[in-house]
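# Working through the structure, step by step
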Amino acid sequence: MNIENIIFDVDGTLWDSTGEVAKAWNLAVKELGIECEEITSDTLKREFGKPMNVIADHLFPSASAAEKERALELCCMYEHEVLERCEENLLYPGVKELFLKKNQLEQYVLDTECYGDTKKSKGENIRLVIERNHLQNCVYVGDTEGDCEAAKAAGIPFIFAAYGF
């Protein structure tokens, strides 16, 4: 197979944003009054790559389904705000590829997608990117078993980034 298009997972594959994201998520759950253990970088490293509903079940076990949904929405919103303001280089050492505004590589990125925008699974979001851009001969690069499963669900090969989460 000749690879023509590469789709990257972000967290754990291109960068480690878990420290900044933990701050945002803790702010969101505090604002909503959801009782849970403090969310740390290590907590998120164990959770990222799983479906968002599973993450919500693990992090907010006593919350109702509606509270979990609202928490995820607010967490995603605050996460985007915190990462936009972050001036720290979160890329893994040696990772030059991608990263939009933070790394002046917009010309190489055709599209992005995430749960916060679609409320769809990672596999469905990969398929959306492929379909929207009429991509052929794609491969997905990620760092977790969940990423591997998402690539399978999208019907494309997977490359494992062993240095990630």
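Notes on the structure follow. No experiment lies behind these values; they were computed from the predicted model shown.

Cut-off values and rules
- Residues numbered from 1 in each chain as written.
- Predicted model: local features only at pLDDT ≥ 70, side-chain atom pairs only at ≥ 80, totals over all residues.
- Heavy atoms only, no water.
- Helix = DSSP H or I, 4+ residues; strand = E, 2+ residues; numbered from the N terminus.
- Buried < 20%, exposed > 50% of the residue type's maximum accessible area, 1.4 Å probe, protein only.
- Contact = heavy atoms within 4.5 Å.
- Salt bridge = Lys/Arg side-chain N within 4 Å of Asp/Glu carboxyl O.

## Concerning the side chain of Thr 144
One can find Thr 144 in the loop between β2 (138-142) and α8 (145-154). For Thr 144, a relative accessible area of 13% gives the class buried. Every residue in contact with Thr 144, bar those within four places of it in the chain, is listed here: Phe 48, Gly 49, Phe 158, Phe 160 and Phe 165.

## Section: the environment of Met 77
Tracing the sequence through the fold places Met 77 in helix α4 (residues 65-85). Among the residues examined, Met 77 registers a relative accessible area of 40% and is labelled partly exposed. Distance in space between the C-alpha atoms of Met 77 and Ile 7 is 23 Å, their sequence separation being 70 residues.

## Things to note about the pattern of salt bridges
In this structure the tally under the stated criterion is 10 salt bridges. One salt bridge in this structure joins Lys 122 and Asp 9, with 3.1 Å as the shortest N-O distance. Separated by 113 residues along the polypeptide, Lys 122 in helix α7 (residues 122-132) and Asp 9 in the loop between β1 (5-8) and α1 (18-32) bring together distant segments of the chain. By relative accessible area, which is 8% here, Asp 9 ends up buried. Accessibility expressed as a relative area gives 28% for Lys 122, which makes it partly exposed. Among the charged side chains, a salt-bridge network with shared partners connects Asp 9, Lys 122 and Asp 147.

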